[in-house]
Amino acid sequence: MRIVILSLFVALISICCKSPHQNFKKNSAELNELVAIMQGHYTSEKQSISDKDYFNISLRMTPIWRSKGNYLFVEQAIYNKQDQPYRVRIYKLTQQGDNFISSIYTVKDEKAWIGKWATPEVYNQLTENDIEIKTGCEVVLNRVSKNTFEGATGNQTCPSELRGAGWANSKVTVTENSILSWDQGFDKEGKQVWGATKGGYQFIKM
């Protein structure tokens, strides 16, 4: 009887005191592929030259917090105003079955972190208390072929108040050397109030 009780006690201790690192799941090859091709500096210069309805936008994705997971610090700006990005985010990339999830976080004191991509070790000073998740705005991607992922946000799940919008929608295609991103905002009646109208921005990796 004592042996049984002792065995149960040892088993309980092993469950309760298991190191969180023992539950860590290594990235799949496909998730590593997505993380690798997303990072980098992109511009929509080529598209802006061929179609004046599109601006030349700089999109920069810098890997951070490598020991914590798959995080990218994202800055989006008019190309000749890269010191004044109009969008600063952190993306966290995870996998759920065949789906690849890009969770979106805002940065509370974003001005303090703008332009730090040149010395990315500075981002180690940024903590999880300094960011806030945008619930419902995650992009769910699927791998359609090697180095090609496509996806979108949920239907009316991402709230937005920009320019009178009620919700936002994003459609994304990621390839080895490009990202096609179509961000749109709609009011409560479903009328588009911001974002490109003809199609997504075509970002080419520099």
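## Structural notes on the environment of Asp130
Along the chain, the position of Asp130 falls in the loop between β5 (99–107) and β6 (131–133). The exposure class of Asp130 is partly exposed, given its relative accessible area of 26%. Between the alpha carbons of Asp130 and Glu110 there is a distance of 9.1 Å; along the sequence they are 20 residues apart. Setting aside residues no more than four positions away along its own chain, Asp130 makes contact with Thr106, Val107, Lys108 and Gln125.

## A short note on the packing of aromatic side chains
By the definition in use, this model includes 6 aromatic pairs. Taken together through their ring pairs, the aromatic side chains of Tyr54, Tyr201 and Phe203 make up a single cluster. The ring centre of Trp117 lies 3.6 Å from the NZ or CZ of Arg60, which sits over that ring. Positioned over the ring face of Trp65 is Lys68, at 4.7 Å from the centre of the ring.

## Quick word on the state of the cysteines
Tallied over the full model, the rule gives 1 disulfide. The disulfide partner of Cys137 is Cys158, and the gap between their sulfur atoms is 2.0 Å. Note on the Cys137 and Cys158 pair: the S-S dihedral is about 85 degrees, so by sign convention the disulfide is right-handed. One end of the pair, Cys137, is in the loop between β6 and β7 (139–145); the other, Cys158, is in strand β9 (residues 158–159), with 21 residues separating them in the sequence. Overall, the relative accessible area of 6% leaves Cys137 in the buried class.

## Concerning the side chain of Ser44
Secondary-structure assignment places Ser44 in the loop between β1 (40–43) and α3 (45–50). Look at Ser44 and you get buried, because its relative accessible area is 0%. With residues up to four places along the chain from it excluded, the contact list for Ser44 reads Phe55, Asn56, Ile57, Tyr201, Gln202 and Phe203.

## Thoughts on the pairing of β7
Of the pairings in the sheet, the one linking β5 to β7 comprises 4 bridges and is antiparallel in character. By the bridge assignment, Phe100 is partnered in β7 with Leu141. As defined by bridge partners, β7 adjoins strand β8 (residues 148–152) across 5 bridges and the pair is classed as antiparallel. Within the sheet, the bridge partner assigned to Val140 lies in β8 and is Ala152. Taking the residues that link successive antiparallel strands as the turn, the β7-β8 hairpin has 2 residues, and the phi of Asn147 there is positive, at about 60 degrees.

## Section: the confidence of the model for the protein
Overall, the prediction assigns the protein a mean pLDDT of 89, with 88% of residues at 70 or greater. In the predicted structure, residues 1–24 sits below a pLDDT of 50 and forms 1 contact with residues beyond four places in sequence or in another chain.

Calculation criteria
The residue count restarts for each chain, going from 1 along the sequence in the order it is written. Side-chain atom pairs in this predicted model are given and counted only at pLDDT of 80 or more, local residue features only at pLDDT of at least 70, and totals for whole chains, interfaces and linings cover all residues. The side-chain quantities take in all heavy atoms of the structure and omit both hydrogens and water. A run of H or I in DSSP becomes a helix once it reaches four residues, and a run of E becomes a strand once it reaches two; helices and strands are each numbered from the N terminus. Exposure classes here rest on a 1.4 Å probe applied to the protein chains alone. A residue is buried below 20% of its type maximum, exposed above 50%, and partly exposed in between. By the convention used here, residues are in contact when the closest approach between their heavy atoms is within 4.5 Å. Classification of ring pairs rests on two measures: the distance between centres of Phe, Tyr or Trp rings, Trp counted by its six-membered ring, which must be within 6.5 Å, and the angle between planes, read as stacked under 30 degrees, edge-to-face over 60 and tilted in between. Only when the NZ of Lys or the CZ of Arg is both within 6 Å of the ring centre and within 35 degrees of the ring normal is a charge said to sit over the ring. The definition used for a disulfide is geometric: two cysteine sulfur atoms within 2.5 Å. Two strands are counted as paired when DSSP detects at least two bridges linking them. Residue-level confidence of the predictor, termed pLDDT, takes values from 0 up to 100.

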